[in-house]
Amino acid sequence: MSEARSHTRSQELMARARRVLPGGTFGNVERETIISRGQGSRVWDGHGNEYIDYLIGSGPMIVGHAHPEVNDAVRRQLDQGTTFFATNPQGIDLAEIIIDAVPCADKVRYSASGSEADAFAMRLVRAYTGREKILKFEGGYHGYSDYGLMSLAPKNPGNSMEPIPDSPGIPAAIKDTVVIAPFNDADAVESLMKAHEGEIAAVFMEPLQRLIPPEPGFLKAMRELTLAHDMLLVFDEVVTGFRLAYGGAQAYYGVTPDVCTLGKAIGGGFPLAAIAGRDEVMALFDSERAEAGKFLPQFGTLSGAPVASVAGIATLNILNRPGTFDRLFETGNRLMTALAGKLDAAGFEAQVVGIAPMFDVVFAGGPILNHRDLLRGDAKLAARLNALLKERGVLKSSAKYYVSTAIDGSDVEQTIAAWDSAIDQLAAER
Ligand SMILES: Cc1ncc(COP(=O)(O)O)c(C=O)c1O
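Residues numbered from 1 in each chain as written. Predicted model: local features only at pLDDT ≥ 70, side-chain atom pairs only at ≥ 80, totals over all residues. Heavy atoms only, no water.

Draft legend 1. Spotlight on the pairing of strand β5 (residues 133–137). Burial runs high along β5: five of the five residues are buried. What you see with β5 is no split at all: Lys-133, Leu-135 and Phe-137 on one side and Ile-134 and Lys-136 on the other are buried throughout. Both β5 and strand β6 (residues 178–181) contribute to a ladder of four bridges, which runs parallel. Along β6, the bridge assignment pairs Leu-135 with Val-179. (Buried < 20%, exposed > 50% of the residue type's maximum accessible area, 1.4 Å probe, protein only. Helix = DSSP H or I, 4+ residues; strand = E, 2+ residues; numbered from the N terminus. Pairing = 2+ DSSP bridges.)

Draft legend 2. Region of the structure containing the environment of Ser-10. As for its position among the elements, Ser-10 is in helix α1 (residues 8–20). Sequence spacing of Ser-10 and Glu-32 is 22 residues, and the spatial spacing of their C-alpha atoms is 7.9 Å. Sequence-distant contacts of Ser-10, defined by excluding residues within four places in its chain, comprise Ile-34, Asp-45, Gly-46 and His-47. (Contact = heavy atoms within 4.5 Å.)

Draft legend 3. Fine view of the site of the ligand. Within the structure, the ligand sits among Ser-113, Gly-114, Ser-115, Asp-118, Tyr-141, Gly-143, Glu-206, Arg-210, Asp-236, Val-238, Val-239 and Lys-264. Side-chain polar atom of Ser-115 to an oxygen atom of the ligand: 2.8 Å apart, as the coordinates give it. Here the ligand loses 81% of its free accessible area of 380 Å² to cover by the protein chains. Here the shell around the ligand takes three residues from helix α4 (residues 114–129), the largest share from any one element. Its residues assigned to classes, the shell around the ligand comprises three nonpolar, four polar and five charged. (Near = heavy atom within 4 Å. Polar contact = N/O pair within 3.5 Å; in protein donor to acceptor, adjacent residues only side chain to side chain. Areas by Shrake-Rupley, 256 points an atom, 1.4 Å probe, with all protein chains shown as cover. Nonpolar A, V, L, I, M, F, W, Y, C, P; charged D, E, K, R; others polar.)

Draft legend 4. The pattern of salt bridges, seen in detail. Summed over all chains, the structure comprises 22 salt bridges. Among the salt bridges present, the one from Asp-411 reaches Arg-42, with a minimum N-O distance of 2.6 Å. Pair noted here: Asp-411 is in helix α13 (residues 409–428) and Arg-42 is in strand β2 (residues 42–45), with a separation of 369 residues, a long-range link. Classification of Asp-411 by relative accessible area gives buried; the value is 2%. A relative accessible area of 11% places Arg-42 in the buried class. Via salt bridges that share partners, Arg-223, Asp-258, Arg-278 and Glu-280 belong to a single interconnected network. (Salt bridge = Lys/Arg side-chain N within 4 Å of Asp/Glu carboxyl O.)

Draft legend 5. Fine view of the state of the cysteines. Summed over all chains, the structure comprises zero disulfides. Counting only cysteine sulfurs, Cys-260 is the nearest neighbor of Cys-104, a cysteine outside any disulfide, at a range of 3.7 Å. Accessibility expressed as a relative area gives 4% for Cys-104, which makes it buried. Taking the relative accessible area as the measure of exposure, Cys-260 reaches 0% and is therefore buried. (Disulfide = S-S within 2.5 Å.)

Draft legend 6. Just the sheet that holds β5, in detail. The sheet built from seven strands is open, its strands ordered β4-β10-β9-β8-β7-β5-β6 with mixed pairing. If you trace the sheet from one side to the other, it starts and ends with β4 (107–111) and β6, each paired once. For this sheet the average axis-to-axis angle between neighbouring strands, irrespective of direction, equals 20 degrees. Two strands pair when backbone bridges link them, and strand β7 (residues 200–205) and strand β8 (residues 232–237) are joined in this way by four bridges, in the parallel orientation. If you follow Ala-202 over to β8, its bridge partner there is Leu-232. (Axes fitted to C-alpha atoms, helices over the stretch in contact; angles between N-to-C directions.)

Draft legend 7. Local environment of the packing of helix α10 (residues 324–345) against α13. With their axes 10 Å apart at the nearest point, α10 and α13 run at an angle of 15 degrees to one another. It follows from the interaxial angle that α10 and α13 lie roughly parallel. For the pair α10 and α13, the sense of crossing is right-handed. Between α10 and α13, the residues in contact are Thr-331, Arg-334, Leu-335, Ala-338, Leu-339, Lys-342 and Leu-343 and Gly-409, Val-412, Glu-413, Thr-415, Ile-416, Trp-419, Asp-420, Ile-423 and Asp-424, respectively. Residues that form the contact of α10 with α13 fall into these classes: eight nonpolar, three polar and five charged. (Parallel < 35°, antiparallel > 145°, perpendicular 65-115°, else oblique. Left-handed = near helix turned anticlockwise from the far one by under 90°.)

Draft legend 8. Spotlight on unusual backbone geometry. Unusually for a residue other than glycine, Ser-151 sits at a positive phi of about 50 degrees. Looking at the secondary structure, you find Ser-151 in the loop between β5 and β6. Located in the positive-phi region is Lys-264, a residue other than glycine, with phi close to 40 degrees. Among the secondary structure elements, Lys-264 is positioned in the loop between β9 (259–262) and β10 (273–277). Accessibility expressed as a relative area gives 24% for Lys-264, which makes it partly exposed.

Draft legend 9. Looking closely at the packing of aromatic side chains. Within this structure, the stated rule accounts for 10 aromatic pairs. Through successive ring pairs, a cluster of aromatic residues spans Tyr-54, Phe-359, Tyr-401 and Trp-419. Over the face of the ring belonging to Tyr-147 we find Arg-126, whose NZ or CZ atom lies 4.2 Å from the ring centre. One cation-aromatic arrangement involves Arg-430 over Phe-348; the distance from NZ or CZ to the ring centre is 4.3 Å. (Phe/Tyr/Trp six-rings, centres within 6.5 Å; stacked < 30°, edge-to-face > 60°. Lys NZ or Arg CZ within 6 Å of the ring centre and 35° of its normal.)

Shown next as structure tokens:
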């Protein structure tokens, strides 16, 4: 990796992008980040500068870029046709693999993105229970639907947990259909359930919210409270599925929801997501089994497209090999320990939040248990560190390091060297 990084061609690309794209971006990352190629643990920007990649396409490239087994599967499928709209054997194969792996999955229904899967799952639990409200946690992300963007990341949340839309353009009426709770606070959830008795269809949650792990007993409490109040429990496992463990967060933490949503890893880098759940709930997608008036139409042009299914199958097969998750955790733990040690040695009040397959720095002391604790973090320092790392050939999103199985010992060493230098620089700028 060259130290003097070149930016000329990237700047040309940025100028072209600004002419044709609002803000010069696709909206996902800042406009300065243009990636043109990926291989294994690395990506290259518009001018060929190389980066160790912890962005990994926002999660899907968990086995690294252009993995030969994934690419072979895709190449073979390309010659057989790309998408059929119709049910196909490739998608049936993938559904069988998901059902074997994921504890709550008796049946699987596909969509093309995690946001769609979440939106359908919200409709599913509402239809199943006949109740309109969804309980979600402040700071939890469930895709870009009007409901999913309620109190996703409110910067100035008031004292109460009023639902706050995170985008203009969301009808005011939506806030009456979403109940917001603080993550990791089972007592608060129980009070809200009592206050809205008979109105809430489901607790809809990321079992590990963004990077905040559940406190011991919290997920179990959610399972018990939802049962006690006749609601469903939905885990949004778009991120955690096939990442925290092969069976996802529900396998990792040993708590089984009624329904989960999956995305990212299951499409192996192609557009694919899924709703998976208990047979009785998923039966609402079956016109022959749903009670009168309860059948839920669900479709999408690219749902279950075979290219995505074969890429997903190849990815999951790699992840399912013995020792894969042990190695992913070893790599992540080594990185997290080194990062925390360096921040400490440099005298920052900071901590590394998350677990081995995904983590980040929060520049704040004290426990980080919910969204408001995260807001205590110094976002400017975090952004500056990210920028210093990018100059040193380490790429991540503004919000997290995603670890891939392609990260090897020398990637780890180079990352640690980049941290040493970037954190020293950050300390010098104080
Ligand atoms: C927890 C969670 N749910 C849903 C989504 C939405 O998935 P997609 O970007 O595929 O629409 C994301 C995306 O990052 C996510 O992190």
